[in-house]
Amino acid sequence: MSADKLVSMREAVARLVRDGDTVVIEGFTHLICFAAGHEIIRQGRSDLTLCRLTPDLIYDQMIAAGCARRLVFSWAGNPGAGPLYGLRRAVEQQVPRPLELDEYSHFGMVARFAAGAAGLPFWPLRSFTGSDLPRVNGDIRTVRCPFTGEELAAVPPLRPDVAIVHVQRADRRGDAQVWGLLGVQKEAAFAAARVIVVAEEIVEESVLRADPNRTLLPGLVVDAVVHEPFGCHPSYAQGYYDRDNAFYVGWREISEDRGRLEAYLDEWVHGVPDRAAYAAKLGDRVGELRARPRVAGAVDYGY
Amino acid sequence: MSADKLVSMREAVARLVRDGDTVVIEGFTHLICFAAGHEIIRQGRSDLTLCRLTPDLIYDQMIAAGCARRLVFSWAGNPGAGPLYGLRRAVEQQVPRPLELDEYSHFGMVARFAAGAAGLPFWPLRSFTGSDLPRVNGDIRTVRCPFTGEELAAVPPLRPDVAIVHVQRADRRGDAQVWGLLGVQKEAAFAAARVIVVAEEIVEESVLRADPNRTLLPGLVVDAVVHEPFGCHPSYAQGYYDRDNAFYVGWREISEDRGRLEAYLDEWVHGVPDRAAYAAKLGDRVGELRARPRVAGAVDYGY
Amino acid sequence: MTAAYTPTELMVCRAARELADGEVVFVGIGLPNLACNLALRRHAPELLLIYESGAVGAVPERVPVSIGDPALVTGSLAVCSMQEVFSHYLQGGRIDVGFLQGAQIDRHGNLNTTVIGPYERPAVRLPGSGGACEIAILAKRVVVVARQTRRSFPERVDFVTSPGFLDGGDARQRLGMPGGGPSLVVTDLGCYGFVDGEMTLVSLHPGVTLERVQAEVGWELRVTPELATTEPPDEDELRVLRELDRDRLYLG
Amino acid sequence: MTAAYTPTELMVCRAARELADGEVVFVGIGLPNLACNLALRRHAPELLLIYESGAVGAVPERVPVSIGDPALVTGSLAVCSMQEVFSHYLQGGRIDVGFLQGAQIDRHGNLNTTVIGPYERPAVRLPGSGGACEIAILAKRVVVVARQTRRSFPERVDFVTSPGFLDGGDARQRLGMPGGGPSLVVTDLGCYGFVDGEMTLVSLHPGVTLERVQAEVGWELRVTPELATTEPPDEDELRVLRELDRDRLYLG
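Residues numbered from 1 in each chain as written. Chains lettered and ligands numbered in written order. Predicted model: local features only at pLDDT ≥ 70, side-chain atom pairs only at ≥ 80, totals over all residues. Heavy atoms only, no water.

A.B. asks: Would you mind showing me how to read the overall build of chain C here?
C.D. replies: A count of helices and strands for chain C gives seven helices and 14 strands. In chain C, the proportion of contacts linking residues at least 24 apart, taken out of those at least 6 apart, comes to 65%. Only carbon and sulfur atoms are counted for the fraction: they give 51% of the accessible area of chain C, which is about 8,600 Å². Side-chain charges of chain C comprise 23 positive and 32 negative groups, with the mean position of each set lying 3 Å from the other. (Helix = DSSP H or I, 4+ residues; strand = E, 2+ residues; numbered from the N terminus. Contact = heavy atoms within 4.5 Å. Areas by Shrake-Rupley, 256 points an atom, 1.4 Å probe, with all protein chains shown as cover. Lys, Arg positive; Asp, Glu negative; His and termini not counted. Charge placed at Lys NZ, Arg CZ, Asp CG, Glu CD.)

A.B. asks: When you look at the overall build of chain A in this model, what are you seeing that I'm missing?
C.D. replies: Within chain A, the regular secondary structure consists of twelve helices and 13 strands. What you see for chain A is a C-alpha radius of gyration of 19 Å, in line with the 19 Å of a compact globule of 303 residues. C-alpha extents for chain A along the principal axes are approximately 60 × 55 × 35 Å. Expressed as a percentage of its 303 residues, the buried residues of chain A come to 68%. A separation threshold of at least 6 residues defines the contact pool for chain A, and within that pool the share at least 24 residues apart is 74%. Accessible area of chain A: about 9,100 Å², with a carbon and sulfur share of 46%. (Rg over C-alpha atoms; globule rule 2.2 N^0.38 Å. Buried < 20%, exposed > 50% of the residue type's maximum accessible area, 1.4 Å probe, protein only.)

A.B. asks: Can you help me understand the interface of chain B and chain A in this one?
C.D. replies: Interface size is commonly expressed as the accessible area that is lost once the parts come together. Each side of the interface is counted separately: chain B has 47 residues, and chain A has 47 residues. Carbon and sulfur atoms supply 61% of the area that chain B and chain A bury against each other, a total of about 4,300 Å² over both sides. For A:Arg214, the salt bridge identified is with B:Asp211, shortest N-O distance 2.7 Å. Taken together, chain B and chain A are joined by 22 residue pairs in polar contact (both at pLDDT 80 or more). Within the residue set of the side of chain B that touches chain A, elements represented by two or more residues are strand S6 (123-125), strand S7 (141-144) and strand S8 (151-155) of chain B. (Buried area = accessible area lost by both parts, 1.4 Å probe. Salt bridge = Lys/Arg side-chain N within 4 Å of Asp/Glu carboxyl O. Polar contact = N/O pair within 3.5 Å; in protein donor to acceptor, adjacent residues only side chain to side chain.)

A.B. asks: I would appreciate a short explanation of the sheet that holds S7(B) in the present structure.
C.D. replies: Pairing between the strands of a sheet comes from backbone hydrogen bonds, and it takes one of two forms, parallel or antiparallel. Residue and element names in this part refer to chain B. Read from one edge of the open sheet, three strands run S6-S8-S7, paired in antiparallel fashion. Unpaired on one side and paired on the other, S6 and S7 mark the two borders of the sheet. Strand-to-strand twist across the sheet, computed as the mean angle between neighbouring axes with direction ignored, equals 50 degrees. Across three bridges, the pairing between S6 and S8 is antiparallel. Bridge pairing links Leu125 to Ala153 in S8. Helix-sheet contacts for helix H5 (residues 106-118) involve S6 and S8, and the interaxial angle to S6 is about 150 degrees. (Pairing = 2+ DSSP bridges. Axes fitted to C-alpha atoms, helices over the stretch in contact; angles between N-to-C directions.)

A.B. asks: Honestly, the pattern of salt bridges in this entry has me stumped. Any pointers?
C.D. replies: Pairs can form between side chains of opposite charge whenever their charged atoms are close. Applying the stated rule across the entire model yields 88 salt bridges over all chains. B:Arg172 is paired through a salt bridge with B:Asp4; the nearest N and O atoms lie 2.6 Å apart. You can see B:Arg172 sitting in the loop between strand S9 (162-170) and strand S10 (176-177) and its partner B:Asp4 sitting in the segment before strand S1 (6-7), a full 168 residues away along the chain. You can call B:Arg172 partly exposed: its relative accessible area is 42%. Classification of B:Asp4 as partly exposed rests on a relative accessible area of 40%. Of the charged contacts in the structure, one is a salt bridge between D:Glu18 and D:Arg14, with a shortest N-O distance of 3.1 Å. Given the relative accessible area of 18%, D:Arg14 is considered buried. What emerges from the salt-bridge pattern is a single network uniting A:Arg69, A:Arg70, A:Glu100, A:Asp102 and A:Arg112.

A.B. asks: Before we go on, may I ask you to explain the packing of aromatic side chains in this structure?
C.D. replies: Centre distance and the angle of the planes are the two values used to describe a pair of aromatic rings. The final tally for this structure, using the stated rule, is 27 aromatic pairs over all chains. Ring centres of B:Phe190 and C:Tyr89 lie 5.3 Å apart, and the angle between their planes is 70 degrees; this geometry places the pair in the edge-to-face category. Taken together, the residues B:Phe190 in helix H7 (residues 185-191) and C:Tyr89 in helix H3 (residues 82-91) connect one chain to another. Taken as a pair, B:Phe190 and C:Tyr89 share a single burial class, namely buried. (Phe/Tyr/Trp six-rings, centres within 6.5 Å; stacked < 30°, edge-to-face > 60°.)

A.B. asks: Just to check I follow, could you spell out the pairing of strand S11 (residues 194-202) of chain B for this structure?
C.D. replies: Regular strands have side chains that alternate between both faces of the sheet. Residues and elements named next belong to chain B. Most of S11 is tucked away: seven of the nine residues are buried. Alignment of S9 against S11, held across eight bridges, turns out to be parallel. What sits directly across from Ile164, in S11, is Ile196. Where S11 and strand S13 (residues 224-227) come together, four bridges link them in parallel fashion. When the bridges of S13 are listed, Val197 appears paired with Val225.

A.B. asks: Help me out: how do you make sense of helix H7 (residues 235-244) of chain D in this one?
C.D. replies: It helps to recall that an α-helix has 3.6 residues per turn; residues three or four apart then point in one direction. All names here are of chain D. Along H7, the residues classified as buried are Glu237, Leu238, Val240, Leu241 and Leu244. Down the axis of H7, the sector holding all buried residues measures 170 degrees, keeping them to one side. Residues of H7 that are buried in the fold lie against helix H1 (7-17) and helix H2 (31-41). Between the side-chain oxygen of the N-cap and the backbone nitrogen of Asp236 there are 3.0 Å, and the N-cap of H7 in question is Asp234. (Arc of directions from axis to C-beta.)

A.B. asks: What's the story with unusual backbone geometry in this structure? I'm lost.
C.D. replies: Most peptide bonds are trans, and most residues other than glycine sit at a negative phi. With an omega dihedral of 10 degrees, the bond running from A:His233 to A:Pro234 counts as a cis peptide bond. If you check the backbone angles, B:Leu31 has positive phi at about 60 degrees while not being a glycine. Even without being a glycine, B:Gln94 presents a positive backbone phi close to 55 degrees. Looking at where B:Gln94 falls in the secondary structure, it is placed in the loop between helix H4 (85-93) and strand S5 (100-103).

A.B. asks: Could you clarify how one ought to interpret the side chain of B:Asn137 in this entry?
C.D. replies: Residues and elements named next belong to chain B. The topology assignment puts Asn137 in the loop between helix H6 (133-136) and S7. The exposure class assigned to Asn137 is buried, which follows from its relative accessible area of 7%. Separated by 2.8 Å, the side chain of Asn137 and the backbone nitrogen of Asp139 make a polar contact. Excluding residues within four positions of it along the chain, Asn137 makes contact with Asp102, Glu103 and Tyr104.

A.B. asks: I tried to follow the interface of chain B and chain C on my own but got confused; where do I start?
C.D. replies: Counting residues at the interface gives 22 residues for chain B, matched by 25 residues for chain C. Between chain B and chain C, the buried area comes to about 2,000 Å², and carbon and sulfur atoms account for 57% of it. The largest contributions to the chain B side of the interface with chain C come from B:Arg209, B:Leu220 and B:Tyr303, which together make up 36% of the buried area. Our enumeration of links across chain B and chain C arrives at two salt bridges.

A.B. asks: Explain the sheet that holds strand S7 (residues 141-144) of chain A to me, please; I cannot follow it from the model alone.
C.D. replies: Residue and element names in this part refer to chain A. In space, the three strands of this open sheet follow the order S6-S8-S7, with antiparallel pairing throughout. The open sheet has two free edges, formed respectively by strand S6 (123-125) and S7, since each of these has just one partner strand. Direction aside, neighbouring strands of the sheet carry axes that sit 50 degrees apart on average. Of the strands in this sheet, S6 and strand S8 (151-155) touch helix H5 (residues 106-118), which is tilted by about 150 degrees from S6.

So, in structure tokens, the structure goes:
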């Protein structure tokens, strides 16, 4: 694999995300790569199986844009601001097209990614007992403990074709560091056949090597690196910019109305060529969201 | 649980380590708490089941001192310098007493700790196929995948009575941070009924809260905190002092001869009241091993 | 003389009192988050707040608008992966109290956050489980905060997302569920405990009649013989609570 | 004209040549570590070294005396827990080459690092598996470096710690082992490949006779028809190798 994997978001998506793929854009509230989702919409990808614990606004937009055939998830809402109407229209009215649901709990999804990353054909967990979820999802099964004889729940591995992981900083090889909430990004990336790392900053390898315990992913598992500052808005990047809560709250009104949602996509996704133009269009809001510094102390790796 | 758990090593061992306990002093080459092992020898604990991936010199000493009844391990050698003769005398000649062996591979031990930490009755892994280890260890079993039907190896959880974890810094509650090699300490601590954290430095909680991604253990799982600078020698603490390789190499001659090993214990364990006296007795060597600074860059947690 | 307060404020204050100092609580967003931070700032300074997003020992400087708010991370004791949160903390048996909400809760404390109507053709598609299913199974006890209407309190939920006592009795034990199940349900009308796995009214909020409560329950409600009146919030509780949610994002 | 070299130096140089640029190698301590760092500094600058201790992309400034040497951490690309090393890297199928040594290796490439003699009453108690058992099962291919004597090369090892080709043939595939098994054994006398899961002499080191090799093998040795002479180390390989182990800690 080449040492320099730095490409534009357009090229990364064109080369690595294909119609019909199983795609994961992870990030639990933190580091959700909206920039990648928008580029996938712009390039008109279709029949995707979208996986995320929390579909969030980005999948609401991708589903409304008609990119998705199937959704694998555990909690589908607009955090703190009601439902995701784009998703609901697809499920309740098959608009713009039907959407199959493959539904787990958070722990179930975490376990599926963990199994995928670890190369295991199943993952045992203590959940789902007494719940109706196994009744509607045949992939939530049970396994008997060879020591105690007790029955545990078991889920199969999730092995995406593509995982897109946004990080604070990476080098051109794809070695990537993250701090703040970690979600399931490491597991999702190790479980995936192809990985796109999107970074707020591209740094020299030496910056990462100065603090190896911070590394989330080694370039070994990464196929493309994209430099996309502000790539998570309205999600956030700890140490770079805050979550745009007003946008999340405001999304309710937009997504409630199919026309308004499509108008939003026309203006903010199809209407801009890339993330830089999106940020420019946001104008002052970008500055308002910029993080106030809270610098951590350094540690010593000497010997 | 009281907020201030800071006690002396003598008190921590007296209160939390009991005859017959299953004890883990973990740390893979890095952060092996020799200070705790020596105090356990001084207090004459017996019939212990000692667990570690690599027994290392500290268990060689504890076994020679007669503390152990059983050893749960995966690789029993003096890294880079031959066998552990104290252990071999116990196994081959029952000197000073017989030692039962409960033997796994590294992955098997890691999986046992992982199961213990996760509250699972077994852990599945792809190992042991075609090896004679399952033939001599009835706790290495198989489990059938409920999705593919394939057979995987399975090991039971390891749930120590006490885990002793050495860290670079901790607060008085036991919140503890580590950098450099992490081994299986987090899993060992979460798997244990009682946990002793031993720290090179005791710091204010605010120091840890400034960089929460560095935290290995929350005080929640910790019962006692001991401040023991240089507590790992001849093992090492990244950023504090180097590994004393000469000591490891020299150990061969000492452990080879039962008399010399006992003389060593008399002089360096029973002959000193605590770790401070041990360090003072080492004299200049302490300074020779002091780490040359290699400070990592800081990151920003602002929003 | 007690202060004026809203039903929501009463719910949050009552839920907060349920948390003992030193306990470990799995915090949900919204009212549960307010209740936990209220307890932390008043009677339970050693309460350990764990958010499913991975923030441990969070001391948010602002009311988190989402469960993954950056304010939960900055200054927290530890950040860990979600794999650790669910495996080491929740499944590892380290969570004393889990907070749950639900679109529906039934006679036996089962919660529904998945669908209203049949699963395949839902009248309303709800968000789904999130971490609720495993919290309901694994937390030592569960506190439910919910607004009460006849529709949201049916005899049996349309879909069991998060098991309470299932069909009642010792169903949980028979299935080997590690956690104890729901111990308290706080609504805008009263408080409920569970007897033989059946929801039982234990206190009426000040000014609420038994008839009103019965009108908002979809089954023959069991009432404890020593029915009490819920202790209303005091001045100090209200002061701290209102500081916590200055913009009344959740208090309304 | 080729330089003077010791048998150990030849073993390390030959093993190093087995590593292709860009491969991911699970490094053991001692001679394997020297071979990997030699390859890294000469023909394989993109070789990724992963140590079971959790150091990924290590660039040690000194010869690590142990597999957890601090020099493996300082300046490395990543440090991860051992759970991750074994689950994500090894079991996840990301390791191209695993290096193993053994007190005994047999006709079918099975390795013994556990006991000489019966397990319950060992004549000699050896260190045990460490990570060798899973490396032998999971690495895409395995390179073995071992000194060769008739005692260390028996027809069948006393104890199979790390499976090679078991009884030969397609035994590995039948058991569904993910990794390919041993691909090369380098000793102080020659190099061996595997045909139908049986160790087969492929080259003799310069100056070593077939008779001498046969005298140090405990079975009727299979020899490839096109038996070659092992390419000796060149000046540059020796220069770099001797820089790596200035104190000849492992080169002797």
